Amino acid sequence: MTIKISGTGSALPEKTVTNFDMEKLVETSDEWIRERTGIAQRRISTGDTVSTLAAAACQSALEDAGVSAQDVDLILVATCSPELLLPCCACQVQSALGADRAVAFDLNAACSGFLFALNTACAYLNAGLYRNALIVGSEVLSKLIDWSDRSTCVLFGDGAGAAYIERTEDRVCENGRRVGIESVVQGSDGAKGMVLSCGERAVANPFIRQEEAVWPYVRMDGQEVYKFATRQVPRCIQEALEMAGRTAEDVDLFVLHQANVRIIEAVAKRLKADISRFPMNLSRVGNMSSATIPVLLDELNRGGRIKKGDRIVLSGFGAGLTYGASVMVWG
Ligand code: UT7
């Protein structure tokens, strides 16, 4: 038996906000944003929520896989920007899809969330508890952004991506590679947590009212996150490749978290892998946290860029701090 991705989907808000639009909001320039990040525009919600975007992405992943919502056993939504604390987004998605049989819950590992959801779903499927899962990364970060802080507001966008994964019989592709997920690696470094944070509500009840104000917007030490990413991402990709018994040379595409083109270039350099194997979409959609990897994966899948038998690596990093990587053969 093996576990493979059988369908992908994504959903983006309609509104496009360009760097020139950002110039009207904060002291910035198209030139600065492009040079430092590679981002030219992002999609911003004018009403879409984490659950509506997630449900739309799931619907299209189910259609791509050719299965119905009633077939779904497990729905995992990775998000750090849910519109409600209760119920969780995955239950809202379950209801929107009519996936009555599914077990649904959320998890939050910020930008690494999709990989953590993939690993969690694989653990359930490998344990034999479920046969399939919808895994989703969905974010409306625009409501967590301080739109007067130029160091963060230019970076992020809204969107959702989903993948339908299932347990299937072993199958060998024409190129001799065995289809399925070969390895997953994940890690956390909570001691560095406050370099990328966003507050919620302070403790307040009839017995205590915390004096310290909570800052309910994203705050980031960009350079610390940059250093962490350029060190940790290549390291965990190497670990995932070793676990799968492969090297970077055996990989056709590296589908990385889309935060900054310079981070992706640095990872490519450390892995001694040509940058042409690192597809990117961040110039068009910005950093959508947990949604970046599945949205890019869906674009590559639908655009015919990923072919059966291709070996791909997914890898990301984010708040927590967290990081992860997975090696798989598409089929
Ligand atoms: O999903 C994980 C999310 N986070 C990340 O991936 C973040 C990783 N880090 C980064 O991508 C980069 O650190 C940034 C893109 C956030 C920043 O790039 P940088 O090259 O590290 O710039 P910096 O923070 O050192 O800032 C350089 C200058 C500063 O001005 P001074 O002090 O040199 O006068 C900033 O105030 O650029 C200024 N600056 C801006 N200027 C124009 C910061 N943001 C902007 C802006 N427009 N939007």
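Definitions and limits used
Residues numbered from 1 in each chain as written. Predicted model: local features only at pLDDT ≥ 70, side-chain atom pairs only at ≥ 80, totals over all residues. Heavy atoms only, no water. Helix = DSSP H or I, 4+ residues; strand = E, 2+ residues; numbered from the N terminus. Buried < 20%, exposed > 50% of the residue type's maximum accessible area, 1.4 Å probe, protein only. Contact = heavy atoms within 4.5 Å. Axes fitted to C-alpha atoms, helices over the stretch in contact; angles between N-to-C directions. Parallel < 35°, antiparallel > 145°, perpendicular 65-115°, else oblique. Left-handed = near helix turned anticlockwise from the far one by under 90°. Nonpolar A, V, L, I, M, F, W, Y, C, P; charged D, E, K, R; others polar. Pairing = 2+ DSSP bridges. Near = heavy atom within 4 Å. Polar contact = N/O pair within 3.5 Å; in protein donor to acceptor, adjacent residues only side chain to side chain. Areas by Shrake-Rupley, 256 points an atom, 1.4 Å probe, with all protein chains shown as cover. Domains from an automatic or database assignment.

(A) Quick peek at the environment of Gly 161. Within the secondary structure, Gly 161 is located in strand 7 (residues 159-168). Residue Gly 161 is classed as buried on the basis of its relative accessible area, which comes to 0%. Along the primary structure Gly 161 and Glu 265 are separated by 104 residues, whereas in three dimensions their C-alpha atoms are 23 Å apart. For Gly 161, the residues in contact, after removing those within four places along its chain, are Gly 9, Ser 10, Ala 57, Ile 135, Val 136, Gly 137, Ala 291, Pro 294 and Val 295.

(B) Expanded view of the packing of helix 7 (residues 222-244) against helix 8 (residues 261-271). Relative to each other, helix 7 and helix 8 sit at 40 degrees, their axes nearing to 9 Å. Comparing their axes, helix 8 and helix 7 come out oblique. The way helix 7 lies across helix 8 gives a crossing that is right-handed. Along its contact with helix 7, which presents Tyr 226, Ala 229, Thr 230, Arg 231, Val 233, Pro 234, Ile 237 and Gln 238, the element helix 8 presents Arg 262, Ile 263, Ala 266, Val 267, Arg 270 and Leu 271. Taken together, the residues of the contact of helix 7 with helix 8 sort by class into nine nonpolar, two polar and three charged.

(C) Spotlight on the sheet that holds strand 5 (residues 103-107). One open sheet holds the five strands; their spatial order is 1-7-6-4-5, and the pairing between them is mixed. Edge positions in the sheet fall to strand 1 (2-11) and strand 5, since each has one partner strand and no second. If you compare each strand with its neighbour and ignore which way they point, the axes differ by 20 degrees on average. As paired strands, strand 4 (residues 74-78) and strand 6 (residues 132-139) are joined by four bridges and run parallel to one another. Residue pairing in the sheet places Leu 76 in a bridge with Ile 135 of strand 6. Strands in contact with helix 3 (residues 50-65) are strand 1, strand 6 and strand 7; relative to strand 1, the strand with the most contacts, it is inclined by about 125 degrees. Those strands touched by helix 10 (residues 292-302) are strand 1, strand 6 and strand 7, and its axis lies near 95 degrees from that of strand 1.

(D) Broad picture of the pairing of strand 14 (residues 311-318). Strand 14 sits mainly inside the fold: eight of its eight residues count as buried. Residue alternation in strand 14 divides its side chains into two sets, Arg 311, Val 313, Ser 315 and Phe 317 and Ile 312, Leu 314, Gly 316 and Gly 318, and both sets are buried. In this structure, strand 13 (residues 253-256) lies alongside strand 14, joined through four bridges in parallel fashion. Residue pairing for strand 14: Val 255 is matched across the bridge by Leu 314. Examined bridge by bridge, strand 14 and strand 15 (residues 322-329) share eight bridges and lie antiparallel to one another. Note on strand 15: the bridge partner recorded for Gly 316 is Gly 324. Counted between consecutive antiparallel strands, the loop separating strand 14 from strand 15 contains three residues, among which Gly 320 sits at a positive phi close to 140 degrees.

(E) Quick peek at the site of the ligand. Residues in contact with the ligand amount to 21 residues; listed here are only the nearest, Thr 28, Arg 36, Gln 223, His 257 and Asn 260. Within the contact set of the ligand, a nitrogen atom lies 2.7 Å away from a side-chain nitrogen or oxygen of Thr 28. Contact distances for the ligand include 2.9 Å between an oxygen atom and a side-chain N or O atom of Asn 287. Compared with its free state, where it exposes 960 Å², the ligand has 73% of that area covered by protein. Looking at the shell around the ligand, the elements with two or more residues in it are helix 2 (30-37), helix 6 (150-153), helix 7 and helix 8. With four residues, helix 7 is the largest single contributor of residues to the shell around the ligand. Its residues placed into classes, the shell around the ligand shows nine nonpolar, eight polar and four charged. Mapping the shell around the ligand onto the domain boundaries places at least three of its residues in each of domain 1 (2-168) and domain 2 (180-279 + 292-329).

(F) Local environment of the sheet that holds strand 8 (residues 180-188). Strand order in the open sheet formed by four strands is 8-15-14-13, and the pairing between neighbours is mixed. Strand pairing shows two members of the sheet lacking a second neighbour, strand 8 and strand 13, which therefore form its edges. Geometrically, the sheet is characterised by an average inter-axis angle of 10 degrees between neighbouring strands, direction not taken into account. Pairing geometry for strand 8 and strand 15, over eight bridges, is antiparallel. For Gln 186, the partnering residue across the bridge sits in strand 15 and is Gly 324. In the packing of helix 5 (residues 113-126) onto the sheet, the strands contacted are strand 8, strand 14 and strand 15, and the crossing angle to strand 8 comes to about 120 degrees.

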